[in-house]
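The lines below spell out each chain.
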Amino acid sequence: MTLKQYILALASSAALLGMAGCKKQLEEVKPETTLDPTQVLADPSSAFALYNGVYNTFRGYQSTFFVLGEMRSETWANGLFTESGDGGLTQFWMHNFNEANAPYNNWAGFYGLLSRINTVIKLFPQAPLTEADKNRYRGEMFGMRAYVYYTMLRTWGAVPLATEPLEKIGELSALYKHRTSADSIMLQIRSDIDSSLALIGPNVSYSTPSNPNNNKRVYWNRAATLTLKGDAYIWAATHMGGGSSDLQTAKTALEEVKNNTAFFALQNNFGDVFDPLKKNNNREIIFAINFEKDQAGLGSYGNFTVNSTQRASLIFDPPPGAPVSIVSVYPYVSGANRVGMTADLINTLTTSVPADKRMASTFRTMHNNSAPYALRGIMLTKFLGRADPISSSQIYDSDFPVYRYADVLLLLAEAKAKLNEDPSEEINAIRLRAYGTGFLPMVNGSLTENLDAILEEYKREFIGEGRYWWAMRRAGDSFVYARVNPGFLDPSVAYKMLLPITVSMLNSDPKLSQTPGYN
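All values derive from a computational prediction rather than experimental measurement. (Residues numbered from 1 in each chain as written. Predicted model: local features only at pLDDT ≥ 70, side-chain atom pairs only at ≥ 80, totals over all residues. Heavy atoms only, no water.)

Before going further, it helps to spend a moment on the overall build of the protein chain. Counting its regular elements, the protein chain contains 19 helices and eight strands. The C-alpha atoms of the protein chain give a radius of gyration of 23 Å, which matches the 24 Å a tight globule of 519 residues would have. A total of 519 residues make up the protein chain; the buried ones form 56% of that total. Residue pairs at least 24 apart in sequence account for 72% of intrachain contacts in the protein chain once pairs closer than 6 positions are excluded. Accessible surface computed for the protein chain: about 19,900 Å², of which carbon and sulfur atoms make up 50%. For the protein chain, the centre of its 48 positive side-chain charges and the centre of its 49 negative side-chain charges are spaced 2 Å apart. (Helix = DSSP H or I, 4+ residues; strand = E, 2+ residues; numbered from the N terminus. Rg over C-alpha atoms; globule rule 2.2 N^0.38 Å. Buried < 20%, exposed > 50% of the residue type's maximum accessible area, 1.4 Å probe, protein only. Contact = heavy atoms within 4.5 Å. Areas by Shrake-Rupley, 256 points an atom, 1.4 Å probe, with all protein chains shown as cover. Lys, Arg positive; Asp, Glu negative; His and termini not counted. Charge placed at Lys NZ, Arg CZ, Asp CG, Glu CD.)

Further remarks concern the nonpolar core. In this structure, F58, M71, F124, M152, W156, I189 and W220 are the most contacted members of the largest nonpolar core, which totals 141 residues. In terms of residue count, the dominant contributor to this core is helix α7 (residues 131-156) (twelve residues). Excluding anything up to four places from it in sequence, F124 contacts V40, A47, L50, Y51, L129, K134, Y137 and R138. Of all hydrophobic cores here, the second largest spans nine residues; its members include F316, I326, M366 and M379. (Core = buried A, V, L, I, M, F, W, Y, C linked by side-chain atoms within 4.5 Å.)

This paragraph deals with the packing of aromatic side chains. Aromatic ring pairs are described here by two measures, namely the spacing of the ring centres and the angle between the planes. Here the structure, examined in full by the defined rule, presents 35 aromatic pairs. Between F66 and F304, the ring centres sit 5.8 Å apart and the planes meet at 75 degrees, which makes this aromatic pair edge-to-face. Here the residue F66 occupies a position in helix α4 (residues 62-70), and F304 occupies one in the loop between β1 (285-289) and α11 (310-313), the gap between them amounting to 238 residues. A relative accessible area of 1% places F66 in the buried class. In this arrangement the basic side chain of R190 is found over the ring face of Y233, its NZ or CZ atom lying 4.5 Å from the centre. Against the face of Y233 rests K229, its NZ or CZ located 5.8 Å from the ring centre. (Phe/Tyr/Trp six-rings, centres within 6.5 Å; stacked < 30°, edge-to-face > 60°. Lys NZ or Arg CZ within 6 Å of the ring centre and 35° of its normal.)

Taking 1.5 Å as the rise per residue, helix α10 (residues 243-258) with 16 residues should run 22 Å; its terminal C-alpha atoms sit 23 Å apart, in good agreement. The set of residues buried in α10 consists of D246, L247, A250, K251, A253, L254, V257 and K258. Elements in contact with the buried residues of α10: α8 (182-200), α9 (222-239), β1, α14 (405-418) and α15 (424-435). (Expected span 1.5 Å × (residues − 1).)

Once that is clear, we can look at the packing of α10 against α14. Any two packed helices are characterised by how steeply their axes cross, that is the angle between the axes, and by the distance between the axes. Where α10 contacts α14, the axes come no closer than 9 Å and their chain directions differ by 150 degrees. Pair α10 / α14 crosses with left-handed handedness. For the pair formed by α10 and α14, the contact residues are L247, K251, L254, E255, V257 and K258 on the first element and Y405, V408, L409, L411, L412, A415, K416 and K418 on the second. Looking at the contact of α10 with α14 residue by residue, the classes come out as nine nonpolar, no polar and five charged. (Axes fitted to C-alpha atoms, helices over the stretch in contact; angles between N-to-C directions. Left-handed = near helix turned anticlockwise from the far one by under 90°. Nonpolar A, V, L, I, M, F, W, Y, C, P; charged D, E, K, R; others polar.)

A cis amide bond links V353 with the next residue in sequence, P354, at an omega value of -5 degrees. Counting through the fold element by element, P354 comes out in the loop between α13 (343-350) and β4 (363-367). Residue P372 is bonded to the preceding A371 through a cis peptide linkage, with omega at 10 degrees. Checked against the element boundaries, P372 lands in the loop between β4 and β5 (375-380). One non-glycine residue, H95, lies in the positive phi region at around 55 degrees.

Our focus in this paragraph is the pattern of salt bridges. A side chain with one charge may pair with a side chain of the opposite charge, provided their charged atoms come close. Counted under the stated rule, the structure contains 37 salt bridges. D246 is paired through a salt bridge with R190; the nearest N and O atoms lie 2.7 Å apart. Taken as a pair, D246 in helix α10 and R190 in helix α8 lie far apart in primary sequence, 56 residues in all. The exposure class of D246 is buried, given its relative accessible area of 7%. With its nearest N and O atoms 2.7 Å apart, the salt bridge here joins R467 to D407. With a gap of 60 residues between them, R467 in the loop between α16 (447-461) and α17 (468-475) and D407 in helix α14 connect regions that are remote in the sequence. The exposure class of R467 is buried, given its relative accessible area of 8%. (Salt bridge = Lys/Arg side-chain N within 4 Å of Asp/Glu carboxyl O.)

Note on strand geometry: in a regular strand, side chains alternate between the two faces of the sheet. For β1, the tally of buried residues reaches five of five residues, placing the bulk of the element in the interior. For β1 and strand β8 (residues 400-404), the ladder comprises four bridges, and the chain directions are antiparallel. Note on β8: the bridge partner recorded for A288 is P401. (Pairing = 2+ DSSP bridges.)

What follows is about the side chain of R136. Counting through the fold element by element, R136 comes out in helix α7. Apart from residues no more than four positions distant in its own chain, R136 is found in contact with L199, I200, S205, Y206, S207 and T208.

Right, let's talk about α14 for a bit. Between its first and last C-alpha atoms α14 spans 20 Å; for 14 residues at 1.5 Å apiece the expected length is 20 Å, and the two agree. Counting buried positions along α14 gives 14 out of 14 residues, so the element sits mostly inside the fold.

Right, let's talk about the packing of α15 against α16 for a bit. Axis separation between α15 and α16 bottoms out at 11 Å; the angle between their running directions is 35 degrees. Pair α15 / α16 crosses with left-handed handedness. Residues I427, I430, R431, R433 and Y435 of α15 form the contact with α16, whose participating residues are N450, A453, I454, E457, R460 and E461. When grouped by side-chain class, the residues that make up the contact of α15 with α16 number five nonpolar, one polar and five charged.

What follows concerns the environment of D275. Along the chain, D275 turns up in the loop between α10 and β1. Sequence separation of D275 and Y51 is 224 residues, and the distance between their C-alpha atoms is 27 Å.

See below:
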């Protein structure tokens, strides 16, 4: 990573969370420790503040997790929208990447988050907490660090490895770092997963010593680490030579979560997964990023909604339905509509027989208010939260699931399929909730047929949740090429499966090299 970027990664500035690089000059950064360990270790409240600060920082990356995990799929490519297209998001679905047009500077700011995580991991053994509490907190941090590095591995391949917080700046040249190989990053991910499970222990719990009455599933936990283990080990089996051994390890981890019926199950009503008034003990959620009124709102989907003018002029449910103006349903939503789905995809998702009940809780189609009621686009409603008539505003307080029980079922189905086992039980559980008792059962077929069935459910189940691109990649490159427009991505530019790094990063750090293929 670059000298300037690693120094700035230690700062608490929110500038780390955006796509643009920070403009602060090196001479403005004081060469001193940004965190006094004696303060953190002085009393439990200081330690709790540091720990909770990690979750607050992690929340700031929700949009990045979504974009990296979904916008490169075909879901949002060449779609209908009512305004000018969003250039940043268009770049992803068009796979318009080169060295001069790299989408994220400073590794998307992830090293700022990693620095905070590393600080907890290093300092908490000496914190004035019980041994059980210290282990629990550090176990969560190891799991979250593994998740961040797994995201970076899938995005860039080789990335710099930093497992220690930078507490004191000496020779600035010491901050230059080579990219660590993807194989070594995966070894670190595996190690962090093992550390997380060992420290957290055998039980799942969502209450913490700093929040003992918590019943929202917004803290990392054993089930989250196990789900990540299944995810990462299937990836390693597919792309990194892990083979059947890694697939069996993934299967075992995922089955532990599946079998924990005291904590986890599919919600009967798909919409309840995202209802901000039904967060408490939501059985489908394994780990979610928390958004609350008067704290932080889930505002990253503004370009998937509608502006204040068009909410008054466009309608839902055109004839032969009962037309209603958008403003009568969502009087306080005011964003933009700069991303959309194609008419063909909208038709595929909304005309299933029997109907796919997930769609009603995911998006609504927008139309002109007079005949022939032309389709104008879709409004993503999954994460709109709720209206507050008292303040005449929309409260965007839906949580963002990082992992939920449906992930476990489809990941387990994938592990089984790649082990030449029957994945129909897990796929049919997803379909039963989606379509009701009249659903078409999935019947075990060839590996390609089984993976196609799994990806079809990902495409429908996780719209807006940042999963589908990763699922396509994890299935195998051939499944990506079968779905993405070949004008945007084909085997001749296979290197675009990974992202380039920016020219400014290369210029700032002589040890960095470009992602292969972009030179």
